Amino acid sequence: MNAQSLSFLQQLMALPTPSGWESDGMRLAAQYLAPHVDRLHFDLHGNLHAVVNPEAPTRIMIEGHCDEIGLMVQYVDENGYLYMTAIGGLTVQLLAGERIVIQGPKGPVHGVFGVRPPHLMKTEEKDKVAPRDLDELCVDIGACSREEALASVELGSPAVVDAGWLPLLGDRVACRGFDNRIGAFTVVEVMRRMRAAAPGVAVHMVLTVQEELGLVGATTAVHEVRPHIGICVDVGFASDSQGNDKKLVGDVRLGKGPILCFGPTYNPKLRQFLETVAQSRAIHLQRQVRGRGNNTNAWAMRTVRGGAAAALISIPLRYMHSAVETLSLGDVRGAIDLIAAALAALPPQPDFSPDPPETAVPATGRRTSSRAGATKRAGNQTRRKS
């Protein structure tokens, strides 16, 4: 990864972008992308759209959601302690003893999820030092009263855990919010290559909002883009750390390449095309099976309006939805190379529609496709009505 790309990624990861408050990350990405695309705009919900070759008849949507899980100020008690509500899927027990940064109306406000000292707890209380419910955890921002606290924060102020970029051995990095700013970064880097690649299709990149709240941004963006083909980039479960996760999600490891997802949601011809491109570029892929596939924005592209031929490419990630999400930058690089090469290799009018099934052999001995059979049945019905 070159220095410019790595610097952009580090800047993006440093910005809090909880669902509903993605705008700082979006503006940074827009500034970074502007010289490299033909069109650039934000829609009403805050999705960032960028397009290369917009007049081509076939529209490809590449997408990564830019939001992360977070919190909001729900209540302030008389002593100035804050109580929070979740934005997205939090594991509450992980918050005990963590630092937090709140986006107050006058700027960032720092606080801590305080815990009682072990010296003051009975034996049975030590087993409950990490409460299961958010209303049992308070945030201390140093205020002495409700009035003092509300002078710096307000009800509804968003917040994230205060944990940043941490290089590990090799090309591995831990950071809060790789889910899914790493997917957003991936499609941005792909888009920066598109003019030079001169694709025969219209490439629409969308950084979407509020995926963690129910695929909100992608669902509305699909109505605008009307893609024929959609490639979603998200994070996927790595199973090479603790636990028995291989039986749940397969054998997926950091450093072994991006994940190409298999399952009924994903178009088999598009998947085969991506595999062929990966083989031609010596890009190693890992396979992950998803029986339903309705928890990423690939689902929105697959099902909204008439639906697109959808694929899901995932970056292997350890410790998802924690403050220490960990990945390999090599896997990110592989995903960027694969998607850029695939978009450049697409013909102007690719066809990923399924092959029509054939009906039983008719009396004449000739097979007829289901489409021909449907036409014949329609003609018979017309004659009967007349």
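Everything below is about the structure shown above.
Residues numbered from 1 in each chain as written. Predicted model: local features only at pLDDT ≥ 70, side-chain atom pairs only at ≥ 80, totals over all residues. Heavy atoms only, no water.

### Observations concerning the layout of surface pockets
Regions of empty space are outlined by a rolling probe, equal in size to a water molecule, passed over the atoms. Condition: Note on definitions: the grid is 1 Å and covers protein atoms alone; a cavity is a set of points where a 1.4 Å probe fits but cannot get out; a pocket is an open set with protein on both sides within 12 Å along at least five of seven lines; lining residues have an atom within 4 Å of a point. Grid points are joined across faces, edges and corners, and a volume is the space filled by probe spheres set on the points. Gly falls in the polar group here, along with every residue not listed as nonpolar (Ala, Val, Leu, Ile, Met, Phe, Trp, Tyr, Cys, Pro) or charged (Asp, Glu, Lys, Arg).
Considered as a void within the structure, the largest pocket measures approximately 240 Å³ in volume. Every residue lining the largest pocket is counted, 13 residues in all, and those nearest its centre are R116, K128, V129, P131 and E136. For the lining of the largest pocket, the residue count by class is 7 nonpolar, 1 polar and 5 charged.

### Digging into the nonpolar core
Selection rule: Note on terminology: a nonpolar core comprises buried Ala, Val, Leu, Ile, Met, Phe, Trp, Tyr and Cys residues joined through side-chain atoms within 4.5 Å. Burial classification: accessible surface area is computed with a 1.4 Å probe over protein chains only, and a residue below 20% of its type maximum counts as buried, one above 50% as exposed, and the rest as partly exposed. Note on conventions: DSSP H or I runs of at least 4 residues are helices, E runs of at least 2 residues are strands, and numbering of each starts at the N terminus.
By size, the foremost hydrophobic cluster in this structure holds 63 residues, and its most contacted members are I62, I182, M191, M205, L207 and L343. With 10 residues, the top contributor of residues to this core is helix α10 (residues 329-345). Formed by 22 residues, the second largest nonpolar core is a distinct cluster that contains V73, F113, V153 and V161.

### Here's the deal with the packing of helix α2 (residues 23-33) against helix α5 (residues 178-197)
Applied cut-off: Helix axes are fitted only over the stretch in contact, all axes being lines through C-alpha atoms; the angle between N-to-C directions runs from 0 to 180 degrees. Between 65 and 115 degrees an angle is taken as roughly perpendicular, under 35 as roughly parallel, over 145 as roughly antiparallel, and anywhere else as oblique. By convention, the crossing between two helices is left-handed when the near helix turns anticlockwise from the far helix through less than a right angle, and right-handed when the turn is clockwise. The criterion used for residue contact is that any of the two residues' heavy atoms lie within 4.5 Å.
Where α2 contacts α5, the axes come no closer than 10 Å and their chain directions differ by 20 degrees. Classified by the interaxial angle, the pair formed by α2 and α5 is roughly parallel. By crossing handedness, the relation of α2 to α5 is classed as right-handed. Taking contact as the criterion, the partners of A29, Y32 and L33 in α2 are, on α5, V188, E189, M191 and R192. Looking at the contact of α2 with α5, its residues break down into 5 nonpolar, no polar and 2 charged.

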